[in-house]
Amino acid sequence: MKRFDGYMKGINLGGWLSQHELTEEHMNTFITKKDIEIIKGRGADHIRLPIDYSVFENEDGSDKPDGFKHIDDCVEWCGEYGLNLVLDLHKTYGYIFDVAEECRNFFYDEAKQERFLNIWDKLASRYAKYSDRMAFEPLNEVVDVEVKDIWNELAEKAIKVIRKYAPTSYILIGGTRNNAIVSVKELKAPYDDHVVYNFHCYEPLIFTHQAAYWVPGMPADFRISYPKTMGEYADVTQQVIGGERNLIDGYENMMCSKEFFMDYFKEAVSIAEKQGTTLYCGEYGVIDKASDEDANRWFDDIHAAFEELGIGRALWSYKEMDFGRA
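Structural notes, computed from the coordinates. This one's a predicted model, so the numbers in the text were calculated from it and none came from an experiment.

What counts, and where the lines are drawn
Residues numbered from 1 in each chain as written. Predicted model: local features only at pLDDT ≥ 70, side-chain atom pairs only at ≥ 80, totals over all residues. Heavy atoms only, no water. Salt bridge = Lys/Arg side-chain N within 4 Å of Asp/Glu carboxyl O. Helix = DSSP H or I, 4+ residues; strand = E, 2+ residues; numbered from the N terminus. Buried < 20%, exposed > 50% of the residue type's maximum accessible area, 1.4 Å probe, protein only. Pairing = 2+ DSSP bridges. Right-handed = clockwise from strand over helix to strand, strands pointing away. Polar contact = N/O pair within 3.5 Å; in protein donor to acceptor, adjacent residues only side chain to side chain. Contact = heavy atoms within 4.5 Å. Phe/Tyr/Trp six-rings, centres within 6.5 Å; stacked < 30°, edge-to-face > 60°. Lys NZ or Arg CZ within 6 Å of the ring centre and 35° of its normal. Expected span 1.5 Å × (residues − 1).

## A look at the pattern of salt bridges
Pairing of side chains with opposite charge becomes possible as their charged atoms draw close.
Next up, step 1: For the coordinates displayed, the defined rule picks out 26 salt bridges.
Next up, step 2: Ionic pairing is found between Glu137 and Arg48, a salt bridge with its closest N-O pair at 2.9 Å. Of this pair, Glu137 sits in strand S5 (residues 134-137) while Arg48 sits in strand S2 (residues 46-52); the two residues are 89 residues apart in sequence, bridging distant segments of the chain.
Next up, step 3: You can call Glu137 buried: its relative accessible area is 0%.
Next up, step 4: For the salt bridge of Asp121 with Lys164, the shortest nitrogen-to-oxygen distance reads 2.9 Å.

Right, dumping it as structure tokens:
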């Protein structure tokens, strides 16, 4: 499989220009040039920058005065320290992943989709000049599998908008189920040879999201170690948060390990190879409630798989956001 050179080892700047109250005080202080210097010093080659449309747009679609300042700052700092950047539209007008059910009509509302495409017209026209060191991610985590065909069509429209200004920029497209790797097979063949298949990985969720307050039914004091078999994780998941026993097919007795991740990723790797593109993991990580020892074992395993398969990735997240270990 082709390597995504320049985007092999990265980190997310979650909680800066997305998933936070976007006050000027917060945006001016949460991430500074010093943080970019620190990230470069840790051996990263890129940053994934999640942004909300409301950073730079008013509700009526008009531009906010100086609304692009913080994005511009990040682009400048990354350039100074030799880091590439993924510009990730984490929230668009009418859709954000963490309230996906409430936003479901985005995929059936032509006006909201047109607004989405207009947002990308603004972003691509402004940042196309950085195509040699900036990739574009049209939308973070489509959730509902039932809209996969609509999303494929809308993603292609977004690509065409971006291509008006940035004909050779890399564009990252993920599937449904929150960018699950099993959804890569639902994606259309790449529009061109600079489209990359994007996925997120937090398997097993009961470990990486232990005690996460946003997971329905999750107790605040719940803790679990790593590694265990995938069957054991499925049993504990059912016992702790209820619902059906959610086991990835074929992994009942397999220990969560490098070998698990290698096998779990292989279908998507094969698809990427067949389509002449590559894979990129835009998010992966372990909540800060897990012990450092267990988290490090998980990271060792998934990193070993990434390295052997040649998969680029960006850790979630640099600081705070329940996952930050800065």
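## Observations concerning the pairing of strand S8 (residues 279-284)
Next up, step 1: The element S8 is extensively covered by neighbouring structure, given that 6 of its 6 residues are classed as buried.
Next up, step 2: Across 5 bridges, strand S7 (residues 195-201) lies against S8 in parallel orientation. Of the residues in S8, the one forming a bridge with His200 is Glu283.
Next up, step 3: Sheet analysis places S8 next to strand S9 (residues 312-315), joined by 2 bridges and oriented parallel. Each bridged residue has a counterpart across the sheet, and for Tyr280 the counterpart in S9 is Gly312.
Next up, step 4: In this fold, S8 hands off to helix H10 (residues 292-309), which returns the chain to S9; that crossover is right-handed.

## Points about the environment of Glu80
Next up, step 1: For Glu80, the location among the structural elements is in helix H3 (residues 69-80).
Next up, step 2: Put simply, Glu80 and Lys33 are 47 residues apart on the chain and 9.6 Å apart in space, counted from C-alpha to C-alpha.

## A look at the side chain of Arg313
Next up, step 1: Tracing the sequence through the fold places Arg313 in strand S9.
Next up, step 2: For Arg313, a relative accessible area of 5% translates into the label buried.
Next up, step 3: In this structure the side chain of Arg313 is engaged in a polar contact, spanning 3.4 Å, whose partner is the backbone oxygen of Ile311.
Next up, step 4: With near-sequence residues (within four places) excluded, Arg313 lies in contact with Tyr7, Met8, Lys9, Gly10, His46, Tyr280, Cys281, Tyr284, His303, Phe306 and Glu307.

## Some words on the packing of aromatic side chains
Next up, step 1: Counting across every chain of the model gives 30 aromatic pairs.
Next up, step 2: Taken together, a centroid distance of 5.1 Å and an interplanar angle of 80 degrees make the contact between Tyr251 and Phe260 edge-to-face.
Next up, step 3: On the accessibility criterion, Tyr251 (7% relative accessible area) is buried.
Next up, step 4: Centroid distance Tyr251 to Tyr264: 6.4 Å. Interplanar angle 90 degrees. Geometry classified as edge-to-face. Of the two residues, Tyr251 is situated in the loop between helix H8 (230-241) and helix H9 (258-275) and Tyr264 in helix H9; the sequence distance between them amounts to 13 residues. There is no split in this pair, since Tyr251 and Tyr264 are both buried.
Next up, step 5: Taken together, the aromatic side chains of Phe199, Tyr251, Phe260, Phe261, Tyr264, Phe265, Tyr284, Trp298, Phe299 and Phe306 make up a single cluster linked through ring pairs.
Next up, step 6: For Arg115, the ring lying beneath its charged end belongs to Tyr93, and the centroid distance is 4.1 Å.
Next up, step 7: Stacked on the ring of Phe30, the Lys or Arg Lys319 has its end atom at 4.8 Å from the ring centre.

## Details of H8
Next up, step 1: Helix length check: H8, at 12 residues, gives a terminal C-alpha distance of 16 Å against a target of 16 Å (1.5 Å per residue), a fit within 8%.
Next up, step 2: Buried within H8 we find Met230, Gly231, Tyr233, Ala234, Val236 and Thr237.
Next up, step 3: Looking at the packing, one finds that the buried side of H8 touches helix H7 (205-208) and H9.
Next up, step 4: Of the residues trailing H8, Gly242 is marked for its positive phi of about 80 degrees.

All quantities given are derived from atomic positions and should not be read as evidence of function.
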